[in-house]
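# Structure at a glance
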Amino acid sequence: MEPEWIKRMGNASRPFRRIAYFLCLLCMLLLTEGKKSVKPKCPASCTCTKDNALCENARSIPTSVPPDVISLSFVRSAFTKIPEGSFLLTPSLQLLSLANNNLQTLPKDIFKGLDSLTNVDLRGNTFNCDCKLKWLVEWLGSTNATVEDIYCESPPEYKKRKINSLSSKEFDCIITEFAVYESLPYQSLSVDTFSYMNDEHVVIAQPFTGKCIFLEWDHVEGSFRNYDNITGMNNACQ
């Protein structure tokens, strides 16, 4: 459909109308391409060039760092924790500096997706060398990136020990990560598991209602299904 101003050129020659219509389409295409090529702005707390971003006094890790930067540094920052996935949008990073930011720990997989990393600076932080930092010790032993020497600040038995020289065997950790897999509409005081006929079962005891629900694992659906219900006295599940 032609714009109104072109329709008004009733007696104009056809070549002129074609040229005007073509110019109109060209302007619309240029405007569309201009919107597509808009890149993230440099965060207010940072100074950015084509390849580098230097952030000072940042209260948190910014999410709008240009994705093509290869060097990202934080100086005198106000944050003490780093959320997981903070650097997923900057996959081209080669140098990452988190030095002197009073960090006590780092989230697992903070460097996930940063396959181009060649230098990581973590000096000047107050790392607590507990089980949450065991992954970092393992990562330091496998990465090809250069990491300057960093030290534990706590607990007392690890104070001033070089993290780069620690072994994962020095961490006596039993860590279980819980995640909600399936919600069941039962109120219970006890839950137990058992194996029967090579299948996994769960028993949910509700002693105050005199009910005992048995669930069986469904290998096809990948969830628990009702196996049996026992209703009776408070010791129905015993």
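Owing to the predicted nature of the structure, the values given are computational and were not obtained by experimental measurement.

## Focus: the side chain of N125
Checked against the element boundaries, N125 lands in the loop between β5 (119-121) and β6 (127-128). On the basis of relative accessibility, which here comes to 8%, the residue N125 falls in the buried class. Separated by 3.0 Å, the side chain of N125 and the backbone nitrogen of N101 make a polar contact. In this view, N125 contacts L98, A99, N100, N101, N102, L103 and Y151; residues no more than four positions away in its chain are not counted.

## Notes on the sheet that holds strand β11 (residues 211-218)
The 4 strands are arranged β9-β10-β11-β12 in an open sheet whose pairing can be described as antiparallel. Looking at which strands have only one partner, the edges of the open sheet turn out to be β9 (190-196) and β12 (223-231). Going across the sheet, the axis of each strand differs from the next one's by a mean of 25°, ignoring polarity. Where β9 meets strand β10 (residues 199-206), 7 bridges bridge the pair, whose relative direction is antiparallel. By the bridge assignment, D192 is partnered in β10 with V203.

## Side note on the pattern of salt bridges
Using the criterion set out here, one finds 6 salt bridges in the structure. We note a salt bridge from R161 to E170, for which the minimum N-O separation is 2.9 Å. Judged by its relative accessible area of 30%, E170 is partly exposed.

## Topic: the pairing of strand β3 (residues 71-75)
Counting buried residues along β3, 4 of its 5 residues qualify, which places the element largely inside the surrounding structure. Summarising the sheet, β3 and strand β4 (residues 95-97) pair through 3 bridges and their orientation is parallel. Along β4, the bridge assignment pairs S73 with S97.

## Here we look at the environment of L114
As for its position among the elements, L114 is in the loop between β4 and β5. Separated by 23 residues in sequence, L114 and P91 place their C-alpha atoms 5.1 Å apart. In this structure L114 touches F87, T90, P91 and L93, once residues within four positions along its chain are discounted.

Calculation rules
- Residues numbered from 1 in each chain as written.
- Predicted model: local features only at pLDDT ≥ 70, side-chain atom pairs only at ≥ 80, totals over all residues.
- Heavy atoms only, no water.
- Helix = DSSP H or I, 4+ residues; strand = E, 2+ residues; numbered from the N terminus.
- Buried < 20%, exposed > 50% of the residue type's maximum accessible area, 1.4 Å probe, protein only.
- Polar contact = N/O pair within 3.5 Å; in protein donor to acceptor, adjacent residues only side chain to side chain.
- Contact = heavy atoms within 4.5 Å.
- Pairing = 2+ DSSP bridges.
- Axes fitted to C-alpha atoms, helices over the stretch in contact; angles between N-to-C directions.
- Salt bridge = Lys/Arg side-chain N within 4 Å of Asp/Glu carboxyl O.

Note that all results are geometric; they support no functional claim without further evidence.
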